[in-house]
Amino acid sequence: MALDDRIKAIDNRFTKLENITICDLLAHRKELWTDGYLGAAVSRDDFYQKLFNTKINRPVRNYVDSHYIILSVILEKIYGKSFEKIVAAEILAVLGLKNTTFHGLGKENIVSNNFETVNGKVISDIYPGIVHDTKARVAAALGIYVGHAGIFTTAGDFITILKSFIDGKYSLLTQQSIERMLIHDNVYTDIMDIMQGFAQAKKIPIHDNNGDLNKIYADIAKNLDDEEELYLKIIRPYNYGGTRYKNPLAKKNELPIGAGDKSIIFSGYTGPIFFMDFEKSIIILVMTNTCHNSKKNRHERYALSQKMITELYGYALALVGRVI
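None of these values were measured; they are calculated from a predicted model. (Residues numbered from 1 in each chain as written. Predicted model: local features only at pLDDT ≥ 70, side-chain atom pairs only at ≥ 80, totals over all residues. Heavy atoms only, no water.)

## Quick notes on the overall build of the protein
In plain terms, the rule: A helix here means a DSSP run of H or I that spans at least four residues, while a strand means a run of E at least two residues long, and both kinds are numbered starting from the N terminus. Here the globule rule reads 2.2 Å times residues to the power 0.38, and the radius of gyration is calculated from C-alpha atoms. Think of it in three bands: residues with accessible area under 20% of the maximum for their type are buried, residues over 50% are exposed, and the middle band is partly exposed, with areas taken using a 1.4 Å probe on protein chains only. Contacts are assigned to residue pairs with any non-hydrogen atoms lying within 4.5 Å of each other. For every accessible area listed, the method is Shrake-Rupley and the probe measures 1.4 Å; residues are considered covered only by the protein chains on display.
When its secondary structure is counted, the protein shows twelve helices and seven strands. For 324 residues, the compact-globule formula gives about 20 Å, and the C-alpha radius of gyration of the protein, at 21 Å, lands near that figure. Structurally, the protein occupies a C-alpha span of about 55 × 50 × 50 Å along its principal axes. The buried share among the 324 residues of the protein stands at 43%. Restricting the contact set of the protein to residue pairs at least 6 apart, pairs at least 24 apart contribute 54%. Entry remark: accessible area of the protein is about 17100 Å², with carbon and sulfur atoms responsible for 52%.

Here's what the structure looks like:
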């Protein structure tokens, strides 16, 4: 199997994904929609029927959970066994992880992932030990384990996984895969197209600014009553491993300013968030709990996590400097 292999060539049950590759899913290059909400599936057959009828909704870069769910099914097709058994054999056993599982090991050891207050009420039914994501929770009840959510782990196990990417042993990923993960896909053009299309629709004139994304963004934003409308349209620069590298638009960059091109970041809906600088061999893992009841919205909580990453990175750089 290669990263540029087409999904349908591996599993022809995905009839509507003719030209979608493994890399397209890993880098979230196309917005894919399943044939109905997977969290509403009433049986295994219903779940898979919705999944196998996945289609391209928009040919734009956008994260969708179905990308990873499809990848888990592709792995099952290749290995001939369940995704749960693949993870156990190819990751947990290889790295000797003892505290990572698809099943909660005990409520007393698991942080609560209750939702924040919604319509004035605290949503409290996602208590410790319950898979937070509805699709993954429904799938598990049907005996299906998916690739986007539902795994419980600890900081120790997580760090062991991340260290395997920089220790030179290539226990999980080959050197070629890691090198490709650090290649920057060209998102400059995509962001420029988004901003130009937005400005045209709003009848906002754009000055050339020598193609400077940041100046053009500022040029458009000053003409808006609510900059958020434009900000939310700017895509995240996902790479070939599902992580993100530095955004050429500084206002939406998630990495520390001083981070080099061989740096990545990853954050999920519930947390945690991790940052890796491959060039300096720095790993920062923050075990956040972004769904817990809070007066701050999701974006504000992510901003706090990113602030911690930036401050810890500065501290780590100082330590690296002393060692050198």
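Still more ground to cover, so stick around.
## Describing a nonpolar patch on the surface
What counts is decided by this rule: A patch is a set of surface residues, each over 30% in relative accessible area and not in a salt bridge, joined within 9 Å for like charges and within 5 Å for the nonpolar side chains Val, Leu, Ile, Met, Phe, Trp and Tyr. Take a side-chain nitrogen of Lys or Arg and a carboxyl oxygen of Asp or Glu: if they are within 4 Å of each other, that pair is a salt bridge.
Residues M1, I78 and Y79 make up a contiguous nonpolar surface patch of roughly 320 Å² in combined accessible area. Note that Y79 resides in helix 4 (residues 66-79). For Y79, a relative accessible area of 39% puts it in the partly exposed group.

## Things to note about the packing of aromatic side chains
To describe a pair of aromatic rings, you give the distance between the ring centres and the angle between the ring planes. Definition in use: Two rings belonging to Phe, Tyr or Trp (six-membered ring only in the last case) form a pair when the distance between their centres is within 6.5 Å. Interplanar angles under 30 degrees mark stacking, angles over 60 mark edge-to-face geometry, and anything in between is tilted. Geometrically, a lysine NZ or arginine CZ counts as sitting over a ring once it is within 6 Å of the ring centre and also within 35 degrees of the ring normal.
In total, this model carries ten aromatic pairs according to the counting rule given. Plain terms: the ring middles of F83 and F102 are 6.0 Å apart, the flat faces sit at 75 degrees to each other, and that makes the pair edge-to-face. Pair noted here: F83 is in helix 5 (residues 83-95) and F102 is in the loop between helix 5 and strand 3 (117-118), with a separation of 19 residues, a long-range link. Accessibility expressed as a relative area gives 10% for F83, which makes it buried. For F102, a relative accessible area of 10% translates into the label buried. The structure contains a cluster of three or more aromatic residues connected by ring pairs, namely F14, F47, Y48 and F52. One residue, K252, lies across the ring of Y231, its end atom 4.7 Å from the ring centre.

## With respect to the nonpolar core
A general tendency of soluble globular proteins is for nonpolar side chains to be buried together. Test applied: Each nonpolar core is a collection of buried residues, namely Ala, Val, Leu, Ile, Met, Phe, Trp, Tyr and Cys, held together in the definition by side-chain atoms within 4.5 Å.
I7, F14, F47, L51 and I70 are the most contacted members of the largest nonpolar core, which has 29 residues in total. Elements with a contribution of two residues or more to this core: helix 2 (22-26), helix 3 (44-52), helix 4 and helix 6 (134-141). Ranked by residue count, the leading element in this core is helix 4, at six residues. When residues no more than four places from it in sequence are discounted, the contact partners of F14 are I7, K8, L51, F52, I70, V73 and I74. Core analysis: the next-biggest nonpolar cluster, separate from the first, contains 19 residues, L92, L182, F278 and L285 among them.

## Details of the pairing of strand 5 (residues 263-267)
Where we set the bar: Any two strands with at least two DSSP bridges between them are considered paired.
Within strand 5, four of the five residues are buried, leaving the element largely enclosed by the surrounding structure. Strand direction decides the pairing type here: strand 5 and strand 6 (residues 273-277), joined by five bridges, are antiparallel. Following the sheet pairing, F266 is matched in strand 6 by F274. Once strand 5 ends, the chain turns through five residues before running back antiparallel as strand 6, passing G271 with a positive phi of about 100 degrees.

## Focus: the sheet that holds strand 7 (residues 282-286)
Strands in a sheet are paired, the pairing made by backbone hydrogen bonds, and the direction either parallel or antiparallel. To be explicit about the condition: Orientation is described by lines fitted to C-alpha atoms, with helices fitted over the stretch in contact, and by angles between N-to-C directions that extend from 0 to 180 degrees.
Read across the open sheet, the three strands follow the order 5-6-7; overall the sheet is antiparallel. Looking at which strands have only one partner, the edges of the open sheet turn out to be strand 5 and strand 7. Sheet twist, expressed as the average angle between the axes of neighbouring strands with direction ignored, equals 5 degrees. Inspection of the sheet shows strand 6 paired to strand 7 by five bridges, in the antiparallel sense. For D277, the partnering residue across the bridge sits in strand 7 and is I282. Helix 7 (residues 155-163) contacts strand 6 and strand 7 of the sheet and is inclined by roughly 150 degrees relative to strand 7.

## Side note on the side chain of T243
With respect to the helices, strands and loops of the structure, T243 is situated in the loop between helix 11 (228-231) and strand 5. We classify T243 as buried; its relative accessible area is 4%. Discounting residues that sit within four places of it in the chain, T243 has contacts with M181, P237, Y238, I264, I265, F266 and F274.

## Side note on the pairing of strand 7
Where burial is concerned, most of strand 7 is hidden: four out of the five residues are buried. In this structure, the hairpin formed by strand 6 and strand 7 is closed by a connection of four residues, where S281 is found at a positive phi of approximately 55 degrees.

## As for the pattern of salt bridges
Taken as a whole and assessed by the stated rule, the structure comprises 18 salt bridges. K222 serves as the salt-bridge partner of D219, at 3.2 Å between the closest nitrogen and oxygen. Given a relative accessible area of 6%, D219 falls into the buried group. Judged by its relative accessible area of 62%, K222 is exposed. The partner of K251 in a salt bridge is E227, with the nearest N and O atoms 3.6 Å apart. Of this pair, K251 sits in the loop between helix 11 and strand 5 while E227 sits in the loop between helix 10 (213-221) and helix 11, and the two are 24 residues apart along the sequence. Judged by relative accessible area, which is 47%, K251 ranks as partly exposed. By relative accessible area, which is 27% here, E227 ends up partly exposed.

Nothing here speaks to function; it is geometry throughout.
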